[in-house]
Amino acid sequence: MAEPTKHESMKLCPKKLGLFTAFRLMLVRDLTLAMRRRTDVFTTLFFFIIAVTLFPLGVGPEMELLRTMAPGVIWVAALLASMLSLSTLFASDYEDGTLEQMVIAPYPLSVLVLGKLFAHWILTGVPLALLSPLLGMQLGLSTDAIQVLVITLLLGTPVLSLIGSIGAALTLGVRGGGVLLSLLVLPLFVPVLIFGSGAVEAFSAGINIDGHLSLLGAFLIVSIVFAPLATSVALRISVE
Amino acid sequence: MANSRFWLYFSSPKTFYPFAGKLVPWCAGVAVVLTVIGLYLGLLVTPPDYRMGNSYRIIYIHVPAVWMSMLIYMVMAGWAAVGLIWNVKLAEMMAGALAPTGAMFTFIGLWTGALWGQPTWGTYWVWDARLTTYLLLLFLYMGFIALRSAIDDPRRASKASALLAIVGAINVPIIYFSVKWWNTLHQPFTVAPGQESKIDPTMLWTMLIMVFAFWAYAIAVALLRIRSEILEREKNASWVAELLDSSQDTSSEDNIAQEKSAQGDRA
């Protein structure tokens, strides 16, 4: 056997680690791996920028039209960018056998999955949300509307990662996995899209957006509780 | 105890196969008879609507199809859960056998709804809450079928798609209550359990007859599909080999008989 990876040495450690430590190690490992392959993160971000840029080119440069479309366009682009990055979520771990080690590790798989997903959100959701003001300005959104946009993206993108991980786990090693993943996951993303972009539109129309934000928060809480469980079941199905 | 043994008896593919074969003609017959009665009542007997005229008659297809599509999804997710939790092979096959029928009913629901919307609302399609969530149901069915057929190993395929069906089941209550939660173009419930119906009793009866016709059709088709899947999955089992041998014998006898009669005709 080759040199044990960081994860295996963790498993061989005689002292059993706490759940939070396992979560943290998984998070740090994924962030470290991503920092060694930085282009993957930037690819997602550039996809996001290019996808938003296509709309003014396709629809025409009328600022009034772009302003009404902006929340939807940015949200759809963020959703697609986050979905494209999902196909690599478990793929390399699946290929090199790390995933099997995760499945047989003496920690709940859902906790490890949650750590991976938190890393995924830091690497995709947070940069997307931080980049969105720039794109919002390009499409003529007001400063206040941009603030709402960033808040909804920060609340909504973790839900996308969480729900999407179920699809990513189910399509592991399946032929045509990427396209199939979008078919499985996009219908489930729709409620987040509706309330995320709806909040920005409602704000621009002068309507109270507490309801939208509460619903996004509710989606987040429900998916934090259930999505890692469903994903770990899916991973066990795919690995066995 | 006897009850549980009864269910276990039918959960074996070997005993279910002939049982399903006996049920199929009955269900198909009921479906045909009820469809004929329902269409006769719906198209010729029930009075025209005082506002919509005759165009409303499509609800005799539309409403039962939509009900069936949502119900089939829930039943499918239920079987998927049974298959995933207790590892029952037949339940997994049942979930897979129901999906194409459910997708077809969803498509019929969308299609008839569009045809009804044109004369009534003046447009084939609106992005209203019920229509949009219902379109998502079609996508969920498509995702289920696509995932199932993309994975080659049948056990993994049925388990993975079962999990997807369970996750997607969240959408069905949202569709059902969308007309209540959001005040949109699609009309709210006219018929619902626990409240007095707002339509003419003959219309209600016609609709219920069509619902039962669609039920019988769905059961018949699902059983047919499950029978072929049992044969495919159990092709290495001895009882399937015996069954196929015996059916080949009879079919070859039939062929001989046909040839004889053909010769007789020529003579």
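The model shown is predicted, which means the values in this text are computed figures rather than measured ones.

Enquirer: Teacher, can you tell me more about the overall build of chain A here?
Expert: A tally of regular secondary structure across chain A gives ten helices and zero strands. Secondary structure elements of chain A, listed N to C terminal, follow the sequence α-α-α-α-α-α-α-α-α-α. Its C-alpha atoms give chain A principal-axis dimensions of about 60 × 35 × 30 Å. A total of 240 residues make up chain A; the buried ones form 44% of that total.

Enquirer: Would you explain the overall build of chain B in this entry?
Expert: Within chain B, the regular secondary structure consists of nine helices and zero strands. Beginning at the N terminus, the succession of helices and strands in chain B can be written as α-α-α-α-α-α-α-α-α. Of all intrachain contacts in chain B linking residues separated by at least 6 positions in sequence, the fraction that spans at least 24 positions is 77%.

Enquirer: Sorry if this is basic, but what is going on with the interface of chain B and chain A here?
Expert: For an interface, size is often stated in terms of accessible area lost upon the parts coming together. Between chain B and chain A, the contact holds 15 residues from the first and 15 residues from the second. Within the residue set of the side of chain B that touches chain A, elements represented by two or more residues are α5 (129–150) and α6 (154–168) of chain B. Looking at which element gives the most residues to the side of chain B that touches chain A, the answer is α5 of chain B, with eight residues. When grouped by side-chain class, the residues that make up the side of chain B that touches chain A number twelve nonpolar, one polar and two charged.

Enquirer: Sorry, what's going on with helix α4 (residues 63–86) of chain A here?
Expert: The periodicity of an α-helix, 3.6 residues per turn, causes residues three or four positions apart to be oriented the same way. Compared with an ideal rise of 1.5 Å per residue, which puts 24 residues at 34 Å, α4 of chain A spans 33 Å between its outermost C-alpha atoms and is within 8% of the ideal. The largest bend in α4 of chain A amounts to roughly 55° and is located at Met-69 of chain A, with the proline Pro-71 of chain A lying one to four residues further along.

Enquirer: Explanation requested: unusual backbone geometry in the structure shown.
Expert: Note: most peptide bonds trans; most residues except glycine with negative phi. A positive phi angle is found at Asn-87 of chain B, which is not glycine, with a value near 60°. Relative to the elements of secondary structure, Asn-87 of chain B occurs in the loop between α3 (59–86) and α4 (89–121).

Enquirer: Mind showing me how you'd approach the nonpolar core here?
Expert: Side chains that are nonpolar tend, in soluble globular proteins, to be buried together. One finds Ala-234 of chain A together with Met-76 and Leu-163 of chain B to be the most contacted residues of the largest nonpolar core, which totals 131 residues. No other element matches helix α8 (residues 201–233) of chain B, which puts 15 residues into this core.

Enquirer: I tried to follow the packing of α4 of chain A against helix α9 (residues 177–204) of chain A on my own but got confused; where do I start?
Expert: Each pair of packed helices gets described by two things: the angle between the helix axes and the distance between those axes. Residues and elements named next belong to chain A. Closest axis-to-axis distance for the α4/α9 pair is 9 Å, and the angle between their directions is 150°. Taken together, α4 and α9 sit at an angle that is classed as roughly antiparallel. As for how α4 packs across α9, the hand of that crossing is right-handed. Note on element contacts: α9 touches α4 through Leu-181, Ser-182, Val-185, Leu-186, Phe-189, Leu-193, Gly-196, Ser-197, Val-200 and Glu-201, opposite Pro-71, Gly-72, Trp-75, Val-76, Leu-79, Met-83 and Leu-86.

Enquirer: Looking at this model, I keep getting lost on the environment of Ala-51 of chain A. Mind explaining?
Expert: Residues and elements named next belong to chain A. Structurally, Ala-51 is set in helix α3 (residues 38–59). On the basis of neighbour counts, which here come to 19 C-beta atoms within 10 Å, the residue Ala-51 falls in the partly exposed class. In this structure the C-alpha to C-alpha distance between Ala-51 and Gly-196, which are 145 residues apart in sequence, comes to 18 Å.

Enquirer: Honestly, the confidence of the model for chain B in this entry has me stumped. Any pointers?
Expert: Predicted coordinates in areas of low pLDDT are best not read in detail. Overall, the prediction assigns chain B a mean pLDDT of 82, with 82% of residues at 70 or greater. ipTM for the predicted complex: 0.83, alongside a pTM of 0.84.

Enquirer: What should I look at first to understand α3 of chain A in this one?
Expert: All names here are of chain A. In this model, α3 (22 residues) spans 33 Å end to end at C-alpha, consistent with the 32 Å of a helix rising 1.5 Å per residue. Every buried residue belonging to α3 is among Thr-44, Phe-48, Val-52 and Phe-55, and all of these are buried. Seen along its axis, α3 keeps its buried residues to an arc of 65°; they face one direction. Among the exposed residues of α3, those oriented more than 90 degrees off its buried face are Arg-38, Thr-39, Phe-42, Phe-46, Ile-50, Leu-54, Leu-57 and Gly-58. Taken together, the buried residues of α3 touch α4 and α7 (109–138). Positive backbone phi, at 110°, marks Gly-60, one or two positions downstream of α3.

Enquirer: Sorry, what's going on with the packing of α4 of chain A against α7 of chain A here?
Expert: All names here are of chain A. Look at α4 against α7: their axes get within 11 Å of each other, and the N-to-C directions meet at 150°. As judged from the angle between their axes, α4 and α7 are roughly antiparallel. When you trace α4 past α7, the crossing you get is right-handed. Contact residues: Ala-70, Ile-74, Ala-78, Ala-81, Ser-82 and Ser-85 in α4; Thr-124, Gly-125, Leu-128, Ser-132, Leu-135 and Gly-136 in α7. Split into classes, the residues belonging to the contact of α4 with α7 amount to six nonpolar, six polar and no charged.

Parameters at a glance
- Numbers given to residues run from 1 along each chain, matching the order in which its sequence is written.
- Following the order in which they are written, the chains are lettered starting with A and the ligands numbered starting with 1.
- Local features in this predicted model are restricted to residues of pLDDT 70 or higher, and side-chain atom pairs are both shown and tallied only at a pLDDT of 80 or more, whereas totals for entire chains, interfaces and linings draw on every residue.
- The secondary structure listing takes helices from DSSP runs of H or I that are at least 4 residues long and strands from runs of E that are at least 2 residues long, numbered from the N terminus.
- Counts of 20 or more other C-beta atoms within 10 Å of a residue's own C-beta define buried residues, counts of 12 or fewer define exposed ones, and intermediate counts define partly exposed ones; C-beta atoms are placed from the backbone.
- Think of it this way: build a C-beta for each residue from its backbone, and any pair within 7 Å is a contact.
- Side-chain classes are defined by residue name, with Ala, Val, Leu, Ile, Met, Phe, Trp, Tyr, Cys and Pro counting as nonpolar, Asp, Glu, Lys and Arg as charged, and the others, Gly among them, as polar.
- The span you would expect from a helix comes to 1.5 Å times its residue count less one.
- Note on bend: the value at a residue is the angle between axes fitted to the seven residues ending there and to the seven starting there.
- Any nonpolar core is a set of buried residues, restricted to Ala, Val, Leu, Ile, Met, Phe, Trp, Tyr and Cys, that join up through C-beta atoms within 7 Å.
- A fitted line through C-alpha atoms serves as each axis, taken over the contacting stretch for helices, and the angle formed by two N-to-C directions is quoted from 0 to 180°.
- Each angle is binned into one of four classes, with values under 35 degrees roughly parallel, values over 145 roughly antiparallel, values of 65 to 115 roughly perpendicular, and all other values oblique.
- Crossing handedness is defined as follows: a turn of the near helix away from the far one that is anticlockwise and smaller than a right angle gives a left-handed crossing, while the clockwise case is right-handed.
- A residue's pLDDT is simply how confident the predictor is in it, with values from 0 to 100.
- As used here, the arc is the angular range of directions from the helix axis to the C-beta atoms.

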